[in-house]
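As a plain string of letters, each chain reads:
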Amino acid sequence: MKCRKCGSEQVNVQVVSETTLKTRRKTWLYWLTIGWFIEPLLWIFLTLPKLIYELFIPKRVKLKTKTRKIAVCQVCGESWDVKASL
Ligand SMILES: [Zn+2]
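Residues numbered from 1 in each chain as written. Predicted model: local features only at pLDDT ≥ 70, side-chain atom pairs only at ≥ 80, totals over all residues. Heavy atoms only, no water.

### Quick word on the sheet that holds strand β2 (residues 66–73)
Filter applied, for reference: Only when DSSP finds a minimum of two bridges between them are two strands counted as paired. To qualify as a helix, a DSSP run of H or I must reach at least 4 residues; to qualify as a strand, a run of E must reach at least 2; elements of each kind are numbered from the N terminus. Each axis is a line fitted through C-alpha atoms, taken for helices only over the stretch in contact, and angles between the N-to-C directions span 0 to 180 degrees.
The three strands are arranged β1-β2-β3 in an open sheet whose pairing can be described as antiparallel. If you trace the sheet from one side to the other, it starts and ends with β1 (11–18) and β3 (79–82), each paired once. Neighbour-to-neighbour, the strand axes of the sheet open up by a mean angle of 35°, direction not taken into account. Note: β1 against β2, eight bridges, orientation antiparallel. If you follow Ser17 over to β2, its bridge partner there is Thr67.

### With respect to the coordination of the zinc ion
Under the convention used in this document: Coordination here is defined by N, O and S atoms within 2.8 Å of the metal (3.2 Å for Na, K and Ca), and since water is not considered, a site can look incomplete. Every geometry call rests on angle ranges, with four donors termed tetrahedral when all angles are between 85 and 135 degrees, four termed square planar and six termed octahedral when opposite donors are over 155 degrees apart and all others are between 65 and 115, and everything else termed irregular. Relative accessible area decides the class of each residue, using a 1.4 Å probe on protein chains only: under 20% of the type maximum gives buried, over 50% gives exposed, and in between gives partly exposed.
Looking at the zinc ion, one finds its protein donor set to be Cys3 (SG), Cys6 (SG), Cys73 (SG) and Cys76 (SG), positioned 2.2 to 2.3 Å from the metal centre. Metal-centred angles of 107 to 113° between the four donor atoms at the zinc ion mark the site as tetrahedral. Written as a sequence motif, the donor arrangement for the zinc ion is C-x2-C-x66-C-x2-C. Of the two residues, Cys3 sits in the segment before β1 while Cys76 sits in the loop between β2 and β3, which places them 73 residues apart along the sequence. Looking at Cys3, the relative accessible area reads 5%, which means it is buried.

### Some words on the pattern of salt bridges
Pairing between side chains of opposite charge can happen when the charged atoms of each approach one another. The test is simple: A carboxyl oxygen of Asp or Glu within 4 Å of a side-chain nitrogen of Lys or Arg is what we treat as a salt bridge.
All chains considered together, the criterion is met by three salt bridges. The shortest N-O distance in the salt bridge between Arg4 and Glu78 comes to 3.0 Å. One end of the pair, Arg4, is in the segment before β1; the other, Glu78, is in the loop between β2 and β3, with 74 residues separating them in the sequence. Judged by its relative accessible area of 18%, Glu78 is buried.

### Concerning the confidence of the model for the protein chain
Just so we agree on the cut-off: Predictor confidence is given residue by residue as pLDDT, running from a minimum of 0 to a maximum of 100.
Per-residue pLDDT for the protein chain has a mean of 81; in total, 84% of the residues score no lower than 70. Of all helices and strands in the protein chain, the one with the weakest mean pLDDT is helix α1 (residues 28–56) (81), whereas β3 scores best (89).

### Here we look at the side chain of Glu78
What counts here: In protein, a polar contact means a hydrogen-donor-capable atom and an acceptor-capable atom, both N or O and within 3.5 Å, with residues adjacent in sequence counting only if both atoms are side-chain atoms; elsewhere, any N or O pair within 3.5 Å suffices. Should any heavy atoms of two residues lie within 4.5 Å, those residues are counted as being in contact.
For Glu78, the side chain forms a polar contact with the side chain of Arg4, separated by 3.0 Å. When residues no more than four places from it in sequence are discounted, the contact partners of Glu78 are Cys3, Arg4, Lys5, Ala71, Val72 and Cys73.

Structure representation (structure tokens):
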């Protein structure tokens, strides 16, 4: 494989695995306004049934890991995504 920038053959391909964990952070404004009474309600009505549900039904955890191939040129330092066909 050749570097797309300088044409060098000294290209290092790295496999990068990404696990995207999205946790929504709640703002202080949220807690000041509705969070303080919505959260316990949500906890009672959503989290508790969920916990009970999870107690009886085994978890099926799907780990979604994205793997990307990144080529890094050893000469000029250019890096780019490698297409899956490689
Ligand atoms: Zn290069």
